[in-house]
Amino acid sequence: HRDLHSFPTRRSSDLWPGLEACFAEVNRVMKRGGTFMICNECDGTNAADEKWQKMIDGMRIYPEEELRAALEKAGFTEIESRRETKKHWLCMLAKK
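Residues numbered from 1 in each chain as written. Predicted model: local features only at pLDDT ≥ 70, side-chain atom pairs only at ≥ 80, totals over all residues. Heavy atoms only, no water.

**Q** Go over the nonpolar core, please, and point to the residues and values.
**A** Ranked by size, the top nonpolar core spans 16 residues in total, and within it Leu19, Phe23, Phe36, Leu67, Leu71, Phe76 and Met92 carry the most contacts. Elements supplying a minimum of two residues to this core: α1 (19-29), β2 (30-40), α3 (64-73) and β4 (89-95). With sequence-adjacent residues up to four places away left out, leucine 71 is seen in contact with Phe23, Phe36, Ile38, Phe76, Ile79, Met92 and Ala94. (Core = buried A, V, L, I, M, F, W, Y, C linked by side-chain atoms within 4.5 Å. Buried < 20%, exposed > 50% of the residue type's maximum accessible area, 1.4 Å probe, protein only. Helix = DSSP H or I, 4+ residues; strand = E, 2+ residues; numbered from the N terminus. Contact = heavy atoms within 4.5 Å.)

Dropping the structure here:
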């Protein structure tokens, strides 16, 4: 059994039920000092993106504040956010 040093996810965290529990599991399997990266093409600030939540069963677009809170509760630290405001993209990095 090998622990993960890094765990990137692109556009899937909005489909994870129980976000805090999912992040806790990612934290559990990562090596100490590892980095968890989340990149979403929807940052929760664009009303036009709500259509995706209606079209895709189980999808929820999480704003930065909710992602940050779930990461902190799951035990991640050194959480950084980067935004592409014109396209409403959000990337976050968190350390175990």
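**Q** Residues and numbers for the pairing of strand β3 (residues 77-84), please.
**A** On any regular strand, side chains alternate: one points to one face of the sheet, the next to the other face. Taken together, the six bridges between β3 and β4 define a ladder with antiparallel strand orientation. When the sheet's bridge partners are listed, glutamate 80 is paired in β4 with leucine 93. Where β3 hands over to β4, the hairpin turn is made up of four residues, of which histidine 88 adopts a positive phi near 60°. (Pairing = 2+ DSSP bridges.)

**Q** If you had to explain unusual backbone geometry to someone new, which residues and values would you point to?
**A** One can expect most non-glycine residues to show negative phi and most peptide bonds to be in trans. The phi dihedral of glutamate 78 falls on the positive side, at around 50°, and the residue is not glycine. Taking relative accessible area as the criterion, glutamate 78 reaches 57% and is therefore assigned exposed.

**Q** Give me the lowdown on the packing of aromatic side chains, citing residues and values where you can.
**A** Taken as a whole, this structure holds two aromatic pairs when the rule is applied. Relative to phenylalanine 36, the ring of phenylalanine 23 lies with its centre 5.3 Å away and its plane at 75°, an arrangement referred to as edge-to-face. In this pair, phenylalanine 23 is assigned in helix α1 and phenylalanine 36 in strand β2, connecting sequence segments 13 residues apart. Across the pair, exposure class does not vary: phenylalanine 23 and phenylalanine 36 are buried alike. One aromatic cluster is present, formed by Phe23, Phe36 and Phe76 through successive ring pairs. (Phe/Tyr/Trp six-rings, centres within 6.5 Å; stacked < 30°, edge-to-face > 60°.)

**Q** How would you summarise the environment of phenylalanine 76 if you had to cite specific residues and measurements?
**A** On the secondary structure map, phenylalanine 76 appears in the loop between α3 and β3. Ignoring sequence-local partners within four residues, the contact set of phenylalanine 76 consists of Phe23, Val26, Asn27, Met30, Phe36, Leu71, Ala94, Lys95 and Lys96.

**Q** Describe in detail the pattern of salt bridges, supporting the description with residues and values.
**A** A side chain of one charge can pair with a side chain of the opposite charge if their charged atoms are brought near each other. In this structure the tally under the stated criterion is five salt bridges. Between aspartate 43 and arginine 83 there is a salt bridge whose closest N-O contact spans 2.8 Å. In this pair, aspartate 43 is assigned in the loop between β2 and α2 (50-55) and arginine 83 in strand β3, connecting sequence segments 40 residues apart. Since its relative accessible area comes to 2%, aspartate 43 is described here as buried. Here arginine 83 and glutamate 64 are joined by a salt bridge, their closest N and O atoms 2.9 Å apart. Highlighted residues: arginine 83 in strand β3 and glutamate 64 in helix α3, separated in sequence by 19 residues. For glutamate 64, a relative accessible area of 15% corresponds to the buried category. (Salt bridge = Lys/Arg side-chain N within 4 Å of Asp/Glu carboxyl O.)

Read these as spatial facts, not as claims about activity.
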